[in-house]
Amino acid sequence: MKVLHEVSRPARMKVPYVPGFLAFRECADLLDILQDLKRERPDLYPQVVMVDGSGVLHHRNCGLACHLGVLGDVPALGVAKNLLAVDGLTKAGVMEEWACLDAAAAARPPPPTQ
């Protein structure tokens with residue numbers, strides 16, 4: 001894999017950190033980076049963005065990834081460090097579901113070769 005473009009810049013947070021409201025603190029700076037990229041190098045505008053924060057698995061169903069995706073007009077995935085408790089969703093429950101999916105995939109016959 002080859003890095004095509006890399007951006008870093010300091011950002012001064014104008015809003016204090018409040019749990020559950022990360023988008024209001026960080027979205028503007030991330031959106032500025034995306035808009036600058038679209039203006040300066042539209043050929044490198046991402047097809048998808050991965051964000052260090054929640055997406056729809058947010059207790060308000062709209063985390064940082066959702067905000068950035070809508071405002072930046074780009075699909076965005078939330079890759080949060082911690083799983084928020086949403087509608088009874090727990091880390092143990094997610095791991096159990098993952099194990100079931102993993103077992104089902106292992107039991108599936110391989111696709112036919114041509």
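Bear in mind the structure is a predicted one, so any value in this text is a computation, not a measurement.

1. Concerning the layout of surface pockets
Over the atoms rolls a probe the size of a water molecule, and in doing so it shows where empty space is left.
Right, on to step 1. Here the largest pocket defines a volume of roughly 530 Å³.
Right, on to step 2. Lining the largest pocket are 18 residues, with Leu34, Leu37, Pro46, Val48 and Val49 positioned closest to its centre.
Right, on to step 3. Breaking the lining of the largest pocket down by element, the ones donating at least two residues are helix H1 (22-40) and strand S1 (49-51).
Right, on to step 4. Examining the composition of the lining of the largest pocket, we find that 4 residues originate from one element, H1, more than from any other.

2. Quick word on H1
Right, on to step 1. Helix length check: H1, at 19 residues, gives a terminal C-alpha distance of 27 Å against a target of 27 Å (1.5 Å per residue), a fit within 8%.
Right, on to step 2. At alanine 28, H1 is deflected by roughly 30°, the largest bend along its length.
Right, on to step 3. Listed as buried for H1 are Ala23, Cys27, Asp29, Leu31, Leu34, Asp36 and Leu37.

3. With respect to the confidence of the model for the protein
Right, on to step 1. Of the residues in the protein, 97% reach a pLDDT of 70 or more, and the chain-wide mean stands at 86.
Right, on to step 2. At the level of individual helices and strands, the protein shows its lowest average pLDDT in helix H3 (residues 91-107), which scores 81, and its highest in helix H2 (residues 64-72), which scores 94.

4. Details of the pattern of salt bridges
Right, on to step 1. Throughout the structure, instances matching the rule amount to 5 salt bridges.
Right, on to step 2. For the salt bridge of arginine 9 with aspartate 36, the shortest nitrogen-to-oxygen distance reads 3.0 Å. One end of the pair, arginine 9, is in the segment before H1; the other, aspartate 36, is in helix H1, and 27 residues separate them in sequence.
Right, on to step 3. Owing to a relative accessible area of 38%, arginine 9 belongs among the partly exposed residues under this scheme.

5. Remarks on the environment of arginine 60
Right, on to step 1. Inspection of the secondary structure assignment puts arginine 60 in the loop between S1 and H2.
Right, on to step 2. Among all residues touching arginine 60, those that are not within four sequence positions of it are Gly20 and Phe21.

6. A short note on the packing of aromatic side chains
Right, on to step 1. Following the criterion strictly, the structure yields 1 aromatic pair and no others.
Right, on to step 2. Plain terms: the ring middles of phenylalanine 21 and phenylalanine 24 are 6.0 Å apart, the flat faces sit at 40° to each other, and that makes the pair tilted.
Right, on to step 3. Phenylalanine 21 sits in the partly exposed class, given a relative accessible area of 32%.
Right, on to step 4. With relative accessibility at 55%, the residue phenylalanine 24 sits in the exposed group.
Right, on to step 5. Positioned above the aromatic ring of tyrosine 45, the side-chain terminus of lysine 38 is 4.7 Å from the ring centre.

Cut-offs used in this document
- Residues numbered from 1 in each chain as written.
- Predicted model: local features only at pLDDT ≥ 70, side-chain atom pairs only at ≥ 80, totals over all residues.
- Heavy atoms only, no water.
- 1 Å grid on protein atoms, 1.4 Å probe; cavity = no way out; pocket = protein on both sides within 12 Å on 5 of 7 lines; lining within 4 Å.
- Points joined across faces, edges and corners; volume = space filled by probe spheres on them.
- Helix = DSSP H or I, 4+ residues; strand = E, 2+ residues; numbered from the N terminus.
- Expected span 1.5 Å × (residues − 1).
- Bend = angle between axes of the 7 residues up to and from the residue.
- Buried < 20%, exposed > 50% of the residue type's maximum accessible area, 1.4 Å probe, protein only.
- pLDDT = per-residue confidence, 0-100.
- Salt bridge = Lys/Arg side-chain N within 4 Å of Asp/Glu carboxyl O.
- Contact = heavy atoms within 4.5 Å.
- Phe/Tyr/Trp six-rings, centres within 6.5 Å; stacked < 30°, edge-to-face > 60°.
- Lys NZ or Arg CZ within 6 Å of the ring centre and 35° of its normal.

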